[in-house]
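If you want the building blocks of each chain, they are given just below.
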Amino acid sequence: MVELRVSAIALPIQFGDEKRNLAAAKRALQLSPPGPQLVVLPELATSGYVFNDVDEARSLSMSVDDSRLVALAADVPEGAVAVIGFCERAGEKLFNSALVFDRSGTLGCYRKAHLWDAEHRFFDVGDQAGLVLDTSIGRLGVAICYDVEFPELPRRLALAGAEVLALPVNWPRVDRPHGEHPPETIQVMAAARASRLPTAIADRSGTERGVEWTGGTAVVSGEGWVVATPGADGVASSFVEITSSKSNGEHNDLFADRRPDLY
């Protein structure tokens, strides 16, 4: 078992201002402490989320090798791995994607598999249910926002060996009883506990084009507890335990006790 610093950052994203948004991402990476860690930035962090139409989305899209994205690698602390959401252009198609990178450059790119609401107007669906990558900080799982509301997806990533989950999101605020966590947070807590999968949620706060965000940025431990929420700087950061063990007490194991033949 090792401990890994995990940071989720609620960037101050301005819709349509790619230069400003990339500068905010650059500052967030530069201000991250040195050493091995995971740094997660929100969904569609380079563009903003609430597109009016597909032409607007296309005008704010980037290819995976866009020099503006690639340049962020230079700002990643040595030994760290970062994840940022962006509007990806691949030929004539657009995807809601997350780029994974470290100081050496791009490590991988995940395209969102489960599209929420109006996203169907702009994006094609990805062909993977989450992504698992071997990185310098361990086996990293990546999903985006609505993906995690399907319990099969984080479980699939954990079964594939993911040791920590990066989750860029844009969660529109929904009504909930006073004092309760957002429902999406509860789903992440349950998924983390079910698979011993620590998770970094990078959400938005404030509003964009009339949409109020949940402000759900947090770090969730493998036991399913919220162990960090943002301070005034928008950063939620904590050390979490990274372990391959799925032991659940003396006599049980969360994976070995599964009965897929019955499900």
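Residues numbered from 1 in each chain as written. Predicted model: local features only at pLDDT ≥ 70, side-chain atom pairs only at ≥ 80, totals over all residues. Heavy atoms only, no water.

Looking at an unreviewed UniProt entry, the chain carries the name Carbon-nitrogen hydrolase, with the source organism given as Mycolicibacterium bacteremicum. Annotation of the chain in UniProt includes, under Sequence similarities (unreviewed entry), the sentence "Belongs to the carbon-nitrogen hydrolase superfamily. NIT1/NIT2 family." (UniProt positions renumbered as here; feature names shortened; annotations may be inferred.)

S.K.: I'd like a description of the pairing of strand S6 (residues 131-135), backed by residues and values.
M.R.: With four of five residues buried, S6 is to be regarded as a mostly interior element. Examined bridge by bridge, S6 and strand S7 (residues 138-142) share five bridges and lie antiparallel to one another. The residue bridging Leu-133 from the neighbouring strand is Leu-140, located in S7. Between S6 and S7, which pair antiparallel in sequence order, lie two residues. (Buried < 20%, exposed > 50% of the residue type's maximum accessible area, 1.4 Å probe, protein only. Helix = DSSP H or I, 4+ residues; strand = E, 2+ residues; numbered from the N terminus. Pairing = 2+ DSSP bridges.)

S.K.: Mind laying out the layout of surface pockets, listing which residues take part and the relevant values?
M.R.: Rolled over the atoms, a probe sized like a water molecule indicates the empty space that remains. Taken as a whole, the largest pocket encloses approximately 230 Å³ of empty space. What lines the largest pocket is a set of 13 residues, and nearest its centre among them are Ile-9, Ala-28, Leu-31, Asp-233 and Val-235. Per-element tally for the lining of the largest pocket: the top contributor is helix H1 (residues 18-31), with four residues. Residues of the lining of the largest pocket, tallied by class, amount to nine nonpolar, two polar and two charged. Volume-wise, the second largest pocket comes out at about 190 Å³. Met-1, Arg-196, Glu-223, Glu-241 and Thr-243 are, among the 13 residues lining the second largest pocket, the residues nearest its centre. Sort the elements by how many residues they give to the lining of the second largest pocket and strand S14 (residues 235-242) lands first, with three residues. (1 Å grid on protein atoms, 1.4 Å probe; cavity = no way out; pocket = protein on both sides within 12 Å on 5 of 7 lines; lining within 4 Å. Points joined across faces, edges and corners; volume = space filled by probe spheres on them. Nonpolar A, V, L, I, M, F, W, Y, C, P; charged D, E, K, R; others polar.)

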